[in-house]
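Observations on chain architecture
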Amino acid sequence: MKYLVLGGSGFIGKHIVSKLLNDGHKVIGYSREIGELPLNNNLDWVCGDYTKETSFNKLLDGVDCVFHCISSLVPATDELEVKKEFTNNILPMIELLQAMRDSSVNKLVFLSSGGTVYGDHGDIAVKENAVLKPMSTYGLLKLNLEELILYESRRHSLKPLIIRASNPYGPGQSPDLNQGVISKFLKSIRDENLITIYGDGSVVRDYIYVTDVASACIIAQSKEVSGVYNIGSGVGYSLNHLITLLEKQSQKKANINFMKSRSLDVRYSVLDCQKANSDFQWRYDTDIVAGIKQTWDWLNK
């Protein structure tokens, strides 16, 4: 099989590329820069700017499936940048879907955000059929991209898999970006820097190890399934509990600055992943304690 991985050098994309290569597949990795993976005869890198790409047809030659793991937006993006970010993400998706239709490539795995598209549903693990009411620009954009993909599937032969991942973390996630509290907080604890937490630390999140996300994407596309799937651990941890786990791993005390809560922060966000388990027998492998240890070891290499 031959795959195109958009965002192949990114945090999740490079884990998907690595697993596909280990499974013996051919891969085209597309990103702004060449990834850090070792040279491989089955891997071709294409450097480009996704927001300005006009030659998706060339990338799709002989491709069986596209993994879409690319975005210029992160959850903490300034709300004032809405117009720019919608232009940079919606328009390229329209071009990609048109190119896939023209090239007769009908399988797309789109990495969405289970942590942001649902919004506030109280203290319950949300299922895929829950009402979608995002509270951030990031969640709103992901939802619009989902709808665009589903519209294409209704009109044409596209068979999409929309993966709503909870909060991915693990080795390779930069601690210097406004995304991924586990790697960010671990670095701050190690370097004895201040950690800023909005609110009292009681907000609850579902964290999923990056290789589990990559495995879910790859397993799902290998089955005769399509539609929307939650991918998470199904277990919630408050930020205060998370800090305790990080302190235990690092053997150091966190220096925390609690600030006023933000309206965009959902109080409780945990995913119900029974559908993925039922439809393609996926369940996460790495629990949070093991995942934090592996992330800590990576940060300290």
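So, here is what we can say about the structure in this document.

**A few points about the pairing of strand 2 (residues 26–31)**
- Across the six residues that make up strand 2, a large majority, five, are buried.
- Examined bridge by bridge, strand 1 (residues 2–6) and strand 2 share five bridges and lie parallel to one another. Note on strand 2: the bridge partner recorded for Lys2 is Lys26.
- By the bridge criterion, five bridges tie strand 2 to strand 3 (residues 43–47) in an arrangement that is parallel. Bridge pairing links Ser31 to Cys47 in strand 3.

**Here we look at the environment of Met259**
- Tracing the backbone through its elements, the reader meets Met259 in strand 13 (residues 255–259).
- For Met259, a relative accessible area of 39% translates into the label partly exposed.
- Dropping the residues within four chain positions of it, Met259 is found in contact with Thr196, Ile197, Tyr198 and Gly199.

**Observations regarding the packing of aromatic side chains**
- This model, assessed by the stated rule, comprises four aromatic pairs.
- When the ring centre of Tyr198 is taken as reference, the NZ or CZ atom of Arg262 above it lies at 4.1 Å.

**Focus: the packing of helix 3 (residues 82–102) against helix 4 (residues 137–155)**
- The geometry of helix 3 relative to helix 4 is characterised by a closest axis approach of 11 Å and an angle of 20 degrees between their N-to-C directions. When the axis of helix 3 is compared with that of helix 4, the two are roughly parallel. Like other packed secondary-structure pairs, helix 3 and helix 4 cross with a definite hand, here right-handed. On the side of helix 3, the interface is formed by Val82, Glu85, Phe86, Asn89, Ile90, Met93, Ile94, Leu97 and Arg101, while helix 4 contributes Thr137, Leu140, Leu141, Asn144, Leu145, Leu148, Ile149 and Glu152.
- Residues of the contact of helix 3 with helix 4, tallied by class, amount to eleven nonpolar, three polar and three charged.

**Description of the sheet that holds strand 7 (residues 159–165)**
- Spatially, seven strands are ordered 3-2-1-4-5-7-11 in an open sheet, and the strand pairing comes out parallel. With one partner strand each, in any of the chains shown, strand 3 and strand 11 (227–231) form the two edges of the open sheet. Averaged over all neighbouring strand pairs, the angle between strand axes comes to 20 degrees, with direction disregarded.
- Inspection of the sheet shows strand 4 (residues 65–68) paired to strand 5 (residues 107–113) by three bridges, in the parallel sense. Note that in strand 5 the partner of Val66 across the bridge is Leu108.
- Contacting strand 1, strand 4 and strand 5, helix 3 crosses the sheet at an angle of about 160 degrees to strand 5.
- Of the strands in this sheet, strand 1, strand 4, strand 5, strand 7 and strand 11 touch helix 6 (residues 210–221), which is tilted by about 150 degrees from strand 5.

Definitions and cut-offs
- Residues numbered from 1 in each chain as written.
- Predicted model: local features only at pLDDT ≥ 70, side-chain atom pairs only at ≥ 80, totals over all residues.
- Heavy atoms only, no water.
- Buried < 20%, exposed > 50% of the residue type's maximum accessible area, 1.4 Å probe, protein only.
- Helix = DSSP H or I, 4+ residues; strand = E, 2+ residues; numbered from the N terminus.
- Pairing = 2+ DSSP bridges.
- Contact = heavy atoms within 4.5 Å.
- Phe/Tyr/Trp six-rings, centres within 6.5 Å; stacked < 30°, edge-to-face > 60°.
- Lys NZ or Arg CZ within 6 Å of the ring centre and 35° of its normal.
- Axes fitted to C-alpha atoms, helices over the stretch in contact; angles between N-to-C directions.
- Parallel < 35°, antiparallel > 145°, perpendicular 65-115°, else oblique.
- Left-handed = near helix turned anticlockwise from the far one by under 90°.
- Nonpolar A, V, L, I, M, F, W, Y, C, P; charged D, E, K, R; others polar.

Remember that the coordinates give geometry; whether it matters functionally is a separate question.
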